[in-house]
Amino acid sequence: MKLRNGVLWVLIVLITITLAACSGNNAGSNQKSSETDNNSSAVKGSANGNTDGDQQSKDKKTVYFWARPVSNEAWYLDNVSKFNEQHPGIEVEVSFIPEDAMAEKLKAAQAAGIAPDVVMVNYSKIPERVRLGQLASLDNSITDEQWNDLEANVLEMVTVNGQRYAYPMEIEASAALYYRKDFFIEAGLDPAKPPKTWNELIEYARVLKTKDRFGIAMPANGGDLPWTSWGWHAMLGVSPISPDWSKASINTPEFERLIGLWKTLFEEELMSPQPLAGYWDPTPLATGLAGMQINGQWAIGEIAKTYPDIADEIVVVPVPTPDGETGVPTATAGGWTLAIDAMSQHKEEAGKFISWLLAGDPQIMADYSNDILKAPVRKSVAQLDLKYLEDSNNQVFLTDILPYATSEPWFDYEIQIAYATAVERVTLEKVSISKALADAEATINDIIARKELAGKNPKQ
Amino acid sequence: MFAIKNRKKFWDGMTGLLMIAPMTLLLSVFAITPLVSAIKVSFENWSFYQPPEFVGFHNYYLVLTDNRFFKSIVVGIKYAITVVTCGFVVAFFFSHVLKHLSTRISSFVKTSIYIPTIISGIIVSMIFMFIFQYPAGLLNTVVKSFGSSPIPWLANPQYALTSISISGIWMGFGFTSLLMLAGLNDIPKSYYEAASLDGAGFLKQMWHITIPSMRNTFVFIVITGFSGALQVFDLPFLMTQGGPLDRTLTPILFIYQHFKNDVTLGYTLAASVVVFIVLGTISAAIFKVIKSEKFVD
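Computed from a predicted model, the values in this text were never measured in an experiment.

Reading the values: rules and limits
- One numbering rule holds for all chains: residues counted from 1, following each sequence as written.
- For naming, the first written chain is A and the first written ligand is 1, with later ones following in the order written.
- For this predicted model, a pLDDT threshold of at least 70 governs which residues receive local features, and a threshold of 80 or more governs which side-chain atom pairs are given and counted, while totals over whole chains, interfaces and linings are taken from all residues.
- Excluding hydrogens and water, the side-chain values take into account all heavy atoms of the structure.
- We call a residue buried when its accessible area falls under 20% of the maximum for its residue type, exposed when it is over 50%, and partly exposed in between, using a 1.4 Å probe and counting protein chains only.
- Labels follow the DSSP assignment, with helices taken as runs of H or I lasting at least four residues and strands as runs of E lasting at least two, numbered in each case from the N terminus.
- Paired strands, as defined in this entry, are two strands with at least two bridges between them according to DSSP.
- Under the convention used throughout, the expected extent of a helix is 1.5 Å for every residue step, that is, one less than its residue count.
- Identification of polar contacts relies on pairs of N or O atoms within 3.5 Å, with a donor-acceptor requirement for protein atoms, meaning one able to donate a hydrogen and the other able to accept it, and with residues adjacent in sequence counted only if both atoms are side-chain atoms.
- Pairs of residues are marked as contacts when any of their non-hydrogen atoms sit within 4.5 Å.
- Classification of ring pairs uses Phe, Tyr and Trp, with its six-membered ring standing for Trp, and accepts pairs whose centres are within 6.5 Å; under 30 degrees between planes counts as stacked, over 60 as edge-to-face, and the remaining range as tilted.
- Counting as a charge over the ring demands two things of the Lys NZ or Arg CZ atom: a distance within 6 Å of the ring centre and an angle within 35 degrees of the ring normal.
- The predictor rates its confidence in each residue with pLDDT, a number between 0 and 100.

For the rest of this paragraph, the subject is the pairing of strand E9 (residues 176-180) of chain A. Residue and element names in this part refer to chain A. Among the five residues in E9, five count as buried, and that is most of the element. Neither face of E9 is exposed, since Ala 176, Tyr 178 and Arg 180 on one face and Leu 177 and Tyr 179 on the opposite face are all buried. The pairing of E9 with strand E10 (residues 292-295) spans four bridges and is classified as antiparallel. Along E10, the bridge assignment pairs Tyr 179 with Met 292. By the bridge criterion, four bridges tie E9 to strand E11 (residues 314-317) in an arrangement that is antiparallel. Bridging from a neighbouring strand, Tyr 179 pairs with Val 315 of E11.

Put into C-alpha cells, the structure is as follows:
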C-alpha cells in the first residue's frame, strides 16, 4: 500500500513538472503569433492594449521590438505608447535587452525562429545579414524625402545592392584624440595647437611623458586592436583584404608605416605596454595616467558622468593623420539602426513603426539625443535645439569627424585579428615589421581559402 | 505467495523507474537533445534564414586545420595542469594544517578560505586586475620596492598565462582544501595509531596510509578540477581577452569568439564537439591512471 502511495506521489510530481514545462513553452512560442497575447513579459507601452475588449484586441497586429536602452527606457515607452494610440490596428511590444547580451540573445532567437519583428542592427552587420537573407528591405516603408534627410555616407552604410535595409538611430565615431589642457600647459605645449601629424603625435607624447604618466593611451592588445584599427586603415585608404575578398592586401607600405607608429610608441614606452584600461574607458586620461588618449565619441559622456571635475580640461580633435592630411576619414562610424526581420509576419506594420519613430517627427529623435546626449543622425534633427550641440567637443565630431567617417568593415573578424597579431608580434616579440606583415598576409590568404571568402563581399 | 512476491518486484521496478524519470526527462530536454542537435548542425552550414546546407565533415576539417584552435587547446591544457597541480599540492598540505588547528580557529580559517569559491569569476578577475595592474598595481608596487622595473603581468606573453593561473588557483583553493580535509577526517585514527606502534614516521604514514586512503577524493578533485579548468572562460575573457598573442586564448573563449563573430553556427558547434571529445578523453585517461577503488576498511 505504502509503495503504491509512493508511486502515486511520483506520478503527481511528474505530471506537474510536465505541465509546467508545457505552459513555459507556450509563453516562448508566442513571439510570432499574429494576435495580441497576454502572457508575454515584454512591456506593451500601450494605453489601449488591455481596455478595448477582446474583439479589438484580436484585430490588432503585434509587432515585437527588442530595444537596448541606455537609461532612457522612458523614451521608448512613451513613444511606443504614442504610436500604439495613433495606430489602432498595430500593437508594438518593446522588450529591453542589455547591450552586451543583445547579440547572443538575438542569435538564439533567430535559431529558434522567434526573432522580434523590429531589431536593432549595427551598421557593420547590415551587409552580411542581407547576404544571409535575415533583413527585409525598408524601401517601401520610408519615403525618399526621409532617406534624403541622412548624410550621404550614412545612407551608403544602410544600402546594399541599391536597396535600403535599415534606418539609423544613432551614430558614433570610433576614434578621436582626447587631451587635457592642464597637462599641455604643464608640459609647455600650447593647448590650442594639438598634434596634426603622426610625427607630431610622437613628439607631443614624448613631451607629455613623465615618471608617473605615459604620453598617450592607445589600444595595444589583441582584444581592442582588431576593432579599433578600422579608422586607421580608412585614414590610409587601405584594408587588410582586397575589395572582392579574394586575397590579402596587408603587405603594403601603408600598413608598414602604420605598425611603425605603434612600434615607436612602444619602444620609447610612450604608451603603456599593458593597457591602462579598456579602449572604451577614458580613465587613463581623466586620472592622469596618460597625457593624451585615443578614444571613441562615447568618452565625452563618460567623462561628464564619471569625472565632471576635469571635464572642462578635455579637448577633442580628429586623430592626427600621417602627414596632416585633412578631409580624410580619421574614424569609422558605428552605432545602431532599426531594421525589419526577414521572417516577420508584419513587415508593413514594422516598417510603419520604424518610419514613425526614427524618420517622422524630428522632435522624437531630438528628445532621444537630449536624453542620452547622442549625436543626431538626421539633418532635420541637427537643426533643432539640442543639448548635444552645446559642447564644443561634440561639435568637433559633427563637423570634422563624422562627415568623413566610413562604415566599419563587414569582412570576417579573423582578418582583423590577423592584423592585430602582426602589431603584437612587432611590439611584444620584436619581430620585424616586414616579417610580421608577410606572415599576416599568409594567414589572411589561408583564412580566405579555408572559409571560401573569395567573391562573397555582399557590397561588390 | 509467489504472486505477491512477483507483484512486489514489479512495483519495486516501477518505483525505481519513476524515481529516475524526472532526471531522465530533464537531462533529455536540457542535455541530450541540445547535444544531438548540436552534432547535427555541426555538419551543416546554417545561417537560420536559409535552408541548412549539409557540408559533411567540412566544419570539422576547418576546425582541425585551424592553428588558433590547436593553440587554444594547448593553452587550456597548460592552464589546467598548472591550476590543478598547484592547487592540489597547496590544498593537500593546507588541509593537514587545518586538521591540526583548534576547532574555533579551524572554523574561522575554513570560512575564510572558502570565500573565493563563492565569489564569481568576474569579481575575482577584477580583484586580480588591480593586483596585476601596470605600472602601479599591488604586485608591481612590491616589485618596485625591490628596485626592479614594473612588469606588465597581463600583457607580457611570458607571464600572462601564469598570472591568470594564479587567479584560478586562488579561486579553487578553498574548495579543494575542504574536500581534502573531509577525506583526511574520513581516515580512521586507528590506522595511524597502529602505524606509530610499528614505528612508522610521518612520511611513511602519509605514503602508506593517507595517500592510498584518499584516492577517491583525489580522483574527484583531479577530474572535476581538470574539466573545470579546461572550460575556464571568465578569467581570460575579462583579464586579457585571450591575449597577448593568443597566449591566454582558452578553448571556450575561442568558441565564444566564433559564436559572436561568425555568421553561421557550423564552425562553432564543430569546435564545441571537438572540445567535448577532448574533455571526455582527458577525463577517461585520468580515471584510467588513478584507478578509483572502493575503500575497504
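The structure having been displayed, the exposition proceeds.
For helix H3 (residues 67-99) of chain B, which comprises 33 residues, the first-to-last C-alpha distance of 47 Å matches the rise-based estimate of 48 Å (1.5 Å per residue) to within 8%. Between the side-chain oxygen of the N-cap and the backbone nitrogen of Arg68(B) there are 2.9 Å, and the N-cap of H3(B) in question is Asp66(B).

A word on helix H12 (residues 253-267) of chain A. Side chains of residues three or four places apart in an α-helix project in the same direction, reflecting 3.6 residues per turn. All names here are of chain A. Across its 15 residues, H12 extends 20 Å between first and last C-alpha, which sits within 8% of the 21 Å expected from 1.5 Å per residue. Listed in full, the buried residues belonging to H12 are Phe 255, Leu 258, Ile 259, Gly 260, Leu 261, Trp 262, Leu 265 and Phe 266. Residues of H12 that are buried in the fold lie against helix H9 (198-208), helix H10 (225-228), helix H11 (230-236), helix H19 (413-428) and helix H20 (433-451).

Counted according to the given criterion, the structure contains 36 aromatic pairs over all chains. Members of the aromatic cluster, joined through ring pairs, are Phe65(A), Trp75(A), Tyr76(A), Phe83(A), Phe96(A), Phe353(A), Trp356(A) and Tyr368(A). The ring of Phe183(A) has Arg213(A) lying over it, and the distance from NZ or CZ to the ring centre is 3.8 Å. The side chain of Lys451(A) reaches across the aromatic face of Tyr267(B), ending 5.7 Å from its centre.

All names here are of chain A. Of all residues in chain A, 87% attain a pLDDT of 70 or more, and the chain-wide mean is 86. Note on residues 13-42: pLDDT is under 50 here. Beyond four places in sequence and across chains, it has 48 contacts. Counting interchain partners and residues more than four positions distant, the pLDDT-below-50 stretch residues 45-53 has 14 contacts.

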